Amino acid sequence: MLDITATVTNDLSQDQRMHRICQSLVDAGYEVTLVGRELPDSLPLSDHDYYQHRIKCKYNSGKRFYWEYNQKLTAYLKRAKPDIINSVDLDTLWAGHRAAKATGAKLVFDAHEYFQETPEVVDRPLIRWVWKQVGAYLIPKTDARYTVGPALAQELTELYDLPFQVIRNLPYRQTDRSWNPPKGKPIMLYQGMLNRGRGLKVVIESLAKLPNWQLWIAGRGDLEGDFRRWAHRYRVDDRISWLGFIPPEELPDITRQAHLGLNLLTAESPSYYYSLANKTFDYIQVGLPAVHMAFPEYERIQAKYGGLLLLEELSVSAFVELVDKLHVDTPTYEGLRKQCLVAAEVLNWEREEEKLIRIYKAL
């Protein structure tokens, strides 16, 4: 039985993509370990069919964190000596490369995002340059590569002159097709990190002009305090529910109560422009129409399956106009729900995992 060790820099508890990938690899006959880090507020780990290991660091952000984590991760991988190392994003690839070189392991790169073009990096020239050099040096040394969507795969293939395959962030197929909205104002739902570039300020400001709606926010992040202050400024605190992190297995029950999903990213970051967010498919899987920016991947889904609402510009006026129109157009809304449920039969992990297993078997 071959050993695979997958490495990330988060604390594991909320990483649905990696949990699906690891479980599929276990089901395919591999022995799998998922390695992440332990944060001061990390929740206890859920039980899974694969091993999980957390690395505790003295530093939790910045250059010192990346250096410390990669040193500890390298040491762990050299001791564990897996047959295959799956490095997720550039911030774990240095450790993966060093360990693979020392042990003879195969090295697989999984790009969850366009790392050197993320909002946190794109306007910091020196940091961006460093990550670009890391990618240029290390990615050609990998044995296989994949990423989250066709647009980003094409961009990375052209950038590194190496093939990137596509493993999308699809959820497991949901058999429960019920819709359970509570009494009261209809719900707009945002699920995900509360970070820069997620469009939440626009949504909160828009809520002041959408008195018939409420907003549920399922997630945490470093800008939560700013968003709460923004809600207070626009006097919409009483119509916003801050749900915090929801365990992945509980999230579909929350999503089934909403009337409208949200995935509003700014175009300031190429990483966001080429993104294909997992929340898109979470919404589709339970039949929830959702608003997305008119970026390439969402236009591709809309053209093939329908079920999405595309916003050409991220502004209060454009968002309010779209939501107001949808609220009074019941036939259009029901048509969107039906399109989502048809797409859900195709856009699920049970189909996507077959491509994942082929990548690892080819090694």
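Residues numbered from 1 in each chain as written. Predicted model: local features only at pLDDT ≥ 70, side-chain atom pairs only at ≥ 80, totals over all residues. Heavy atoms only, no water.

Enquirer: Got a sec to walk through helix α15 (residues 349–361)? Specific residues and values, please.
Expert: The terminal C-alpha atoms of α15, which comprises 13 residues, lie 18 Å apart, in line with the 18 Å expected from a rise of 1.5 Å per residue. Buried within α15 are the following residues: Trp349, Glu352, Leu356, Ile357, Ile359 and Tyr360. On an axial view of α15, the arc spanned by its buried residues comes to 150°, and they lie on one face. Residues Arg358 and Lys361 are exposed on α15 and point more than 90 degrees away from its buried face. Check the buried side of α15 and you find it contacts β1 (3–7), α1 (16–27), β4 (84–88), β5 (106–111), β6 (144–147) and β7 (165–166). (Helix = DSSP H or I, 4+ residues; strand = E, 2+ residues; numbered from the N terminus. Expected span 1.5 Å × (residues − 1). Buried < 20%, exposed > 50% of the residue type's maximum accessible area, 1.4 Å probe, protein only. Arc of directions from axis to C-beta. Contact = heavy atoms within 4.5 Å.)

Enquirer: So what's going on with the nonpolar core? Residues and values would help.
Expert: The biggest cluster of nonpolar side chains holds 60 residues, and the ones touching the most others in it are Met188, Leu215, Ile284 and Phe319. With seven residues, helix α13 (residues 316–328) is the single largest residue contributor to this core. The residues touching Met188, leaving out its near neighbours within four places in the chain, are Leu207, Leu210, Trp213, Gln214, Leu215, Trp216, Leu260, Leu262 and Phe319. Counting residues in each nonpolar core, the second largest holds 31 residues, with Leu90, Ala105, Phe109 and Val148 among its members. (Core = buried A, V, L, I, M, F, W, Y, C linked by side-chain atoms within 4.5 Å.)

Enquirer: Any chance you could break down the side chain of Asp282 for me, citing the residues and the numbers?
Expert: Along the chain, the position of Asp282 falls in helix α11 (residues 278–285). Buried within the structure, Asp282 lacks any salt-bridge partner; its nearest side chain of opposite charge belongs to Arg20, at an N-O separation of 5.0 Å. Only 3.0 Å separates the side chain of Asp282 from the side chain of Gln191, close enough to count as a polar contact. Aside from chain neighbours lying at most four places away, what touches Asp282 is Gln16, Pro171, Gln191 and Thr255. (Lys, Arg positive; Asp, Glu negative; His and termini not counted. Salt bridge = Lys/Arg side-chain N within 4 Å of Asp/Glu carboxyl O. Polar contact = N/O pair within 3.5 Å; in protein donor to acceptor, adjacent residues only side chain to side chain.)

Enquirer: An account of the sheet that holds strand β13 (residues 308–311) is needed here, citing residue identities and associated values.
Expert: An order of β10-β9-β8-β11-β12-β13 is seen for the six strands of this open sheet, with the pairing classed as parallel. In the strand order of this sheet, the two ends are held by β10 (240–242) and β13, each with one partner. The mean angle between the axes of side-by-side strands here comes to 25°, regardless of whether they run parallel or antiparallel. Sheet analysis places strand β9 (residues 214–218) next to β10, joined by three bridges and oriented parallel. Bridged to Leu215 within β10 is Ile240. (Pairing = 2+ DSSP bridges. Axes fitted to C-alpha atoms, helices over the stretch in contact; angles between N-to-C directions.)

Enquirer: Go over the sheet that holds β7, please, and point to the residues and values.
Expert: Pairing in this open sheet of seven strands is parallel, and the strands run β3-β2-β1-β4-β5-β6-β7 from one edge to the other. Looking at the sheet topology across the chains shown, the edges are occupied by β3 (51–56) and β7. The sheet contact formed by β1 and strand β2 (residues 31–38) spans five bridges and is parallel. The partner of Ile4 across the bridge, within β2, is Val32. The sheet contacts of α1 involve β1, β2, β3, β4, β5 and β6, and relative to β2 the element is tilted by about 160°. Along the sheet, helix α3 (residues 90–103) makes contact with β1, β4 and β5, crossing β4 at roughly 160°.

Enquirer: Before we move on, can you summarise the pairing of β4 with the specific residues and values?
Expert: Most of β4 is tucked away, with five of its five residues classed as buried. Taking every second residue as pointing to the same face, both faces of β4 are buried, with Ile84, Asn86 and Val88 on one and Ile85 and Ser87 on the other. Pairing geometry for β1 and β4, over four bridges, is parallel. Within β4, the residue paired with Thr7 across the bridge is Ser87. In the sheet, β4 pairs with β5 via five bridges, with the strands oriented parallel. From the neighbouring strand, Ile84 faces β5, where its bridge partner is Lys106. You can see the chain leave β4, run along α3 and come back into β5, and the turn it takes is right-handed. (Right-handed = clockwise from strand over helix to strand, strands pointing away.)

Enquirer: Lay out the pairing of strand β11 (residues 260–263) in plain terms, naming residues and giving numbers.
Expert: In summary, the side chains of a regular strand alternate between the two faces of the sheet. Burial of the side chains of β11 extends over both faces: Leu260 and Leu262 are buried on one face and Gly261 and Asn263 on the other. In this structure, strand β8 (residues 187–191) lies alongside β11, joined through three bridges in parallel fashion. Note that in β11 the partner of Leu189 across the bridge is Gly261. Relative to strand β12 (residues 290–293), β11 is paired through three bridges, and the arrangement is parallel. Bridge pairing in β12 places Asn263 opposite His292.

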